[in-house]
Amino acid sequence: MTLARRIIPCLDVDAGRVVKGVEFAGLRDMGDPEELAARYNGEGADELILLDITASRDGRATFLETVRRVAQQLNIPFTAGGGIRRLEDGNALLRAGADKVTVNTAAVARPELISELAAQFGSQAVVLSMDVKKMPAGWEVFVRGGAESSGRDAPAWAREGVARGAGEILLTSIDRDGTCSGFDCGLTAAIAEQVSVPVIASGGAKTFDDFLAVFGEGQADAALAASIFHTAEHSIGALKTYLAGRGVPVRLNR
Amino acid sequence: MRSLGAKTECVTRPEQIATASALVLPGVGHFCAFVTGLRERNLTGALREAIAGGVPILGICLGLQAMFASSAEAPGEQGLDLIHENVQALPTNVKSPHIGWNQLRRLRESILLREIPDDAYFYFAHSYAAAASEPHTAAACDHGFPFAAVVEKDNLMAVQFHPEKSGEAGSHMLRNFLEWAQ
């Protein structure tokens, strides 16, 4: 009896469609969010993350509608986020059917947002999302979709976020995102060693061995990927069978 | 519940509890907000009465914890005290919150887990738990300590995990509750 390592497909949503970027720039249409959500739910995904990647620039009504429709397709947990600035933004997503919300840029600007969300909805509903880039001085947190340096040290920010009530950390390596060169295991382990909450590794997944490495060396509790699942390059079921065969505890039965 | 064929109603007034043939006490949030919320809506008395009268009830997550006497999450706040024990914080030597899919250890025959494979996974998301204890715990889960994952005590049923988020196994468990409650 062990807590299973989770496989989490991520849907980046722009104007009601799933898109995928490469190193945070350049978008490609990957399909309909409801269809993809239903497919992943059926394939044995442990959870789903839905991110409004246009939130900083566009209206939110379309995204809320997408969250509502995706929620209908699922009997697994799902996290929604992108552009959450206030308690009410989080509340709207949870009311639309999300189980957790994820905060990023606005939490860096005003860390109290994490505390407010945790006090209202509980830590288990608050995921701190961090986009991290390797800089000469160490790992640094970037905001605004990876476009802008925040000047914050990633391990220190992770610790602060958890102290403020974040129940999970979604850790994206900007250097690896969309490059298919494997998860940044060094970064993932560095953050996992700093915090007492689960860490979701993201950015760079390509092969089954990338997942094996991030659950081993990277000490990740969950691994997130987008493109390799969207393009049906890998099925989640096949990935989990592979991991189970190599001793990683995963949920195989549905 | 609706997708499994049950007729459901969201309770906001005590009168609604009196006419229910089964009750579900779901819960996400803080123990204090939960029990004071019940009290402020005058639901606590009606709930106790219905349970004493034998109406089947299913507590989920915080709904399970609220059935206990108190919780370390809100010292001094009184739970429904249907089970005279306390809810504790998960120990600091494990990751907390306990988030993700975990398996159960069956302690005895269970109505809720009927015909569900022993190795099935269920989705948990919590930072507090009640210790597994002989009379009421039908199945335990281990995370820092053995805690009550499935409670079955006469007409009182409760689970620490989220069956509504636990895929096929979770739906099966909810179906078991509905069948038993009929």
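The preceding data block contains the structure.
Here the residue numbers are simple positions, counted from 1 along each chain's written sequence. Key to labels: chains lettered from A, ligands numbered from 1, both in the order written. Where local features are concerned, this predicted model is filtered to residues with pLDDT of at least 70; where side-chain atom pairs are given and counted, the filter is 80 or more; whole-chain, interface and lining totals use all residues.

Engineer: For this particular structure, what's the right way to read the overall build of chain A?
Structural biologist: Each helix corresponds to a stretch of at least 4 residues labelled H or I by DSSP, and each strand to a stretch of at least 2 residues labelled E; elements are numbered beginning at the N terminus. When helices and strands are tallied, chain A shows ten helices and twelve strands. Just to be clear, the radius of gyration here is over C-alpha atoms, and the globule rule we use is 2.2 Å times residues to the power 0.38. Computed over the C-alpha atoms, the radius of gyration of chain A is 16 Å, within 12% of the 18 Å expected from 2.2 N^0.38 for a compact globule of 254 residues. If you line up chain A on its principal axes, its C-alpha atoms span 45 × 40 × 40 Å. By the criterion used throughout, residues are in contact when their C-beta atoms, derived from the backbone, lie within 7 Å. Look at the contacts in chain A between residues 6 or more apart in sequence, and 66% of them connect residues 24 or more apart.

Engineer: Can you help me understand the sheet that holds strand β9 (residues 137-143) of chain B in this one?
Structural biologist: The pairing of strands in a sheet comes from backbone hydrogen bonds and takes either a parallel or an antiparallel form. Residue and element names in this part refer to chain B. Reading across the sheet, the six strands line up as β1-β2-β11-β10-β9-β6 and stay open at both edges, with mixed pairing between neighbours. The two strands at the open ends of the sheet, each matched to only one other strand, are β1 (23-25) and β6 (105-106). Pairing between strand β2 (residues 57-60) and strand β11 (residues 156-159): four bridges, direction parallel. Residue pairing for β11: I57 is matched across the bridge by L156. In this analysis, strands are considered paired if DSSP registers two or more bridges between them.

Engineer: Teacher, can you tell me more about the sheet that holds strand β4 (residues 83-89) of chain B here?
Structural biologist: Residue and element names in this part refer to chain B. Across the sheet, three strands lie side by side as β3-β4-β8; this open sheet has mixed pairing. Strand pairing shows two members of the sheet lacking a second neighbour, β3 (68-71) and β8 (128-130), which therefore form its edges. Between one strand and the next, the sheet's axes are offset by a mean angle of 30 degrees, whatever the strand orientation. Note on method: axes are straight lines fitted to C-alpha atoms, helices fitted across the in-contact stretch only, with angles between N-to-C directions ranging 0 to 180 degrees.

Engineer: So what exactly am I meant to see when it comes to the pairing of strand β10 (residues 168-173) of chain A here?
Structural biologist: Moving residue by residue along a regular strand, the side chains alternate between the two faces of the sheet. Residue and element names in this part refer to chain A. Exposure classes come from backbone-placed C-beta atoms, where a residue is buried if 20 or more other C-beta atoms lie within 10 Å of its own, exposed if 12 or fewer do, and partly exposed in between. In terms of burial, β10 is a largely internal element, six of the six residues being buried. Alternating positions in β10 separate into two faces, E168, L170 and T172 on one and I169, L171 and S173 on the other, with burial throughout. Alignment of strand β7 (residues 126-135) against β10, held across six bridges, turns out to be parallel. Looking at the pairing, V127 lines up with E168 of β10. The pairing of β10 with strand β11 (residues 199-202) spans four bridges and is parallel. Across the sheet, the residue bridging to T172 is S202, located in β11.

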